[in-house]
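Chain by chain, the residues run as shown.
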Amino acid sequence: MQVHTLFTGVANTFIVENHNGVMVIDAGMPHQAARIVKAMRARGHSPRDVRLILVTHGHIDHAGSAVALKRLTGAPVALHRDDVRLVATPNLKIPPGRTRTTEFIGAVLRAFGWLAPIETFTPDVLLEDGQSLREFGFDARVIHTPGHTAGSVSVLCDDGTLFVGDSILNLVHVAFPLYWEDAAQARASALKIHSLKPRVCYTAHGRPFDANELDAFIARVK
Ligand SMILES: [Zn+2]
Ligand SMILES: [Zn+2]
């Protein structure tokens, strides 16, 4: 399995490849679909190689190009059922800020949210905790990691690679999300992620981090 990272406006998109094809984890901001396909072509894949577009949660920087990417690839779009509400209407959704600064920034973004509508959709696949992704060609399973949003998920691959979406960030250092719908859930999800003993974590915001960095973060916040 190989992981190729593409920055799609605000967050990372991951092009995950194996001998069965490609899984795209998060589709980026609106108008990123053609770029994602171009990056795949550069790596020798045709759009038809995409088996699944897995959106870790319903925010615009992850789901913004999901429908457009589905049009270009024919692949189904997967999202947890608890985040379907976030992609059912076009307006910008930002949870409460974790700090006063992010709450202020969030309030400003919400006020100008009409400038950045999302293309709404109904997911083809509704994700659940523990769900295997084998039918899509990947030895991986879905882990429900709510808190940032109610329907946030992570993807744990059998080789110990974990894609955490926005459940844990690594912008300056490994940290909780800047925004969260439910702080207690987000903390519980971080502990859950730690208990999975991942070898490497790919976050949607910032650099990947290893087990040692995750240990240090959990020790700090526990
Ligand atoms: Zn988010
Ligand atoms: Zn994000």
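The structure under discussion appears in the preceding block.
The rules we used
- Residues numbered from 1 in each chain as written.
- Chains lettered and ligands numbered in written order.
- Predicted model: local features only at pLDDT ≥ 70, side-chain atom pairs only at ≥ 80, totals over all residues.
- Heavy atoms only, no water.
- Donors = N, O, S within 2.8 Å, 3.2 Å for Na, K, Ca; no water.
- Tetrahedral: all angles 85-135°; square planar, octahedral: opposite > 155°, others 65-115°.
- Helix = DSSP H or I, 4+ residues; strand = E, 2+ residues; numbered from the N terminus.
- Buried < 20%, exposed > 50% of the residue type's maximum accessible area, 1.4 Å probe, protein only.
- 1 Å grid on protein atoms, 1.4 Å probe; cavity = no way out; pocket = protein on both sides within 12 Å on 5 of 7 lines; lining within 4 Å.
- Points joined across faces, edges and corners; volume = space filled by probe spheres on them.
- Nonpolar A, V, L, I, M, F, W, Y, C, P; charged D, E, K, R; others polar.
- Salt bridge = Lys/Arg side-chain N within 4 Å of Asp/Glu carboxyl O.

Asks: How should I be thinking about the coordination of the zinc ion (ligand 1) in this particular structure?
Replies: Protein ligation of the zinc ion (ligand 1) involves His 57 (NE2), His 59 (ND1), His 148 (NE2) and Asp 166 (OD), the donor distances falling in the range 2.1 to 2.3 Å. Classification of the site at the zinc ion (ligand 1) rests on its four donor atoms, whose angles at the metal span 89 to 172 degrees, yielding the label irregular. Mapped onto the sequence, the donors of the zinc ion (ligand 1) take the spacing H-x1-H-x88-H-x17-D. The metal-metal distance between the zinc ion (ligand 1) and the zinc ion (ligand 2) is 3.4 Å, with Asp 166 coordinating both. Taken together, the residues span a long stretch of sequence, with His 59 in the loop between β4 (50–54) and α2 (60–63) and His 148 in the loop between β7 (140–144) and β8 (153–157) at a distance of 89 residues. For the pair formed by His 59 and His 148, the shared burial category is buried.

Asks: Before we go on, may I ask you to explain the coordination of the zinc ion (ligand 2) in this structure?
Replies: In ideal tetrahedral geometry, four donors around a metal make angles of 109.5 degrees, whereas ideal octahedral geometry with six donors gives angles of 90 or 180 degrees. Coordination of the zinc ion (ligand 2) by the protein is provided by Asp 61 (OD), His 62 (NE2), Asp 166 (OD) and His 205 (NE2), with metal-donor distances spanning 2.1 to 2.3 Å. One can describe the donor arrangement at the zinc ion (ligand 2) as irregular, given that its four donor atoms subtend angles of 92 to 156 degrees at the metal. We note that the donor set of the zinc ion (ligand 2) lies within a single chain, spaced as D-H-x103-D-x38-H.

Asks: I'm lost on the layout of surface pockets in this one. Help?
Replies: Over the atoms rolls a probe the size of a water molecule, and its path tells where empty space is left. Estimates place the volume of the largest pocket at around 440 Å³. Of all elements in the fold, only α2 and α4 (100–111) reach the threshold of two or more residues within the lining of the largest pocket.

Asks: Could you clarify how one ought to interpret empty space enclosed by the protein in this entry?
Replies: Under the criterion given, the structure shown has one cavity of 30 Å³ or more. Taken as a whole, the largest cavity encloses approximately 50 Å³ of empty space. Looking at the largest cavity, the residues that line it are Gly 58, His 59, Ile 60, Leu 86, Pro 90, Asn 91, Leu 92, Lys 93, Ala 116 and Ile 118. Across the lining of the largest cavity, the residue classes tally to six nonpolar, three polar and one charged.

Asks: Explanation requested: the pattern of salt bridges in the structure shown.
Replies: If the charged atoms of two oppositely charged side chains come close together, the side chains can form a pair. This structure, assessed with the given rule, holds 11 salt bridges. Here Glu 17 ties to Arg 43 by a salt bridge, and the two come within 2.6 Å at their closest N and O atoms. A residue pair is termed long-range when its members are at least 10 positions apart, and Glu 17 in strand β2 (residues 12–18) and Arg 43 in the loop between α1 (33–42) and β4 qualify at 26 residues. Residue Arg 43 is classed as partly exposed on the basis of its relative accessible area of 33%. Three or more residues are tied together by salt bridges with common partners; here these are Asp 83, Arg 85 and Glu 181.

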